[in-house]
Amino acid sequence: MSIEINAELRSDMGKGASRRLRKVEKVPAIVYGSDKEPVNLTVLQKDIRALLGNEAFYSTILSLKVEGGKGEQVILRDLQHHPCKAEIMHLDFQRTDANKVLHIHVPLHFIGEDKAPGVKQGGIVSHVAVEVEVECLPKDIPEYIEVDISNLEMDEILHLSNIKMPANVELRALRLGEDHDAAVVSIHAPRAAVEAAAEEGEEASAEVPVVGSEEEAEK
């Protein structure tokens, strides 16, 4: 299902104009790319707020309709929040070209946690990354990428190179070399258990007499 965003053309520019727009619950925006001129727009604050909880809003092709015209294929490039209020300050949209590869962040969905040996042993799953940047044609953008951790052992780490990617989709980081093969998820023992084990080890060491110590000499 395509996400549609309705927008209006914006002619009044500047900080003062932007403040006036926000007072009437409108958000300044811009669309650019595909060798066309950038166009300044406004969208309704309530329309964008309704999409904030939908992860597809951030990682799939959107249909941008300007002044009720034909929908233009775009992706969300930037979304600026107000630092203190529940308010969107500005939106950047980028036009897509069906024949040009683009890069976009896609969320990760982790599966198999309940089956992972490390979890069954009492380990805790640590999600180091919750999204990845991919390169692909617009038609191949996945809504999300599944990461199966059902075989992950205690103290084992799964890296970017371990992710099974959809067809025609590449991880941008791995194109930069092995040094960029970052960790994605791991399973480790709870910190309290690790600290307790360390303390027990220290206490046990303290109780063992050291060869040549005063205690041994007195014997």
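Refer to the structure presented above.
Residues numbered from 1 in each chain as written. Predicted model: local features only at pLDDT ≥ 70, side-chain atom pairs only at ≥ 80, totals over all residues. Heavy atoms only, no water.

1. Observations regarding helix H1 (residues 15-23)
Among the residues of H1, Ala17, Ser18, Leu21 and Arg22 are the ones counted as buried. All buried residues of H1 lie within an arc of 140° about the axis, which places them on one face of the element. Set apart from the buried face of H1 by more than 90 degrees, the exposed residues are Arg19 and Lys23. Summarising the contacts, the buried residues of H1 are in contact with strand E2 (26-33), strand E3 (36-44) and strand E6 (88-95). (Buried < 20%, exposed > 50% of the residue type's maximum accessible area, 1.4 Å probe, protein only. Helix = DSSP H or I, 4+ residues; strand = E, 2+ residues; numbered from the N terminus. Arc of directions from axis to C-beta. Contact = heavy atoms within 4.5 Å.)

2. Section: the nonpolar core
Counting residues in hydrophobic clusters, the biggest one holds 25 residues, and the most contacted among them are Leu108, Val134, Leu158 and Ile163. Of all the elements in the fold, those that place two or more residues in this core are strand E7 (102-111), strand E9 (131-136), strand E10 (145-148) and strand E13 (183-188). For this core, the element with the most residues is E7, which contributes four residues. Not counting chain neighbours up to four residues away, the residues in contact with Val134 comprise Leu102, His103, Ile104, Val106, Ile145, Met165, Val169, Glu170, Leu171 and Arg172. In this structure, Leu64, Leu76, Ile88 and Phe93 belong to the second largest nonpolar core, which totals 20 residues. (Core = buried A, V, L, I, M, F, W, Y, C linked by side-chain atoms within 4.5 Å.)

3. Quick notes on the pairing of strand E4 (residues 62-66)
The pairing of strand E1 (residues 3-9) with E4 spans five bridges and is classified as parallel. Looking at the pairing, Ile5 lines up with Leu64 of E4. The sheet contact formed by E4 and strand E5 (residues 72-81) spans three bridges and is antiparallel. Counterpart to Ser63 in the pairing with E5 is Gln73. Connecting E4 to the next strand, E5, in antiparallel fashion are five residues, including Glu67 with a positive phi near 55°. (Pairing = 2+ DSSP bridges.)

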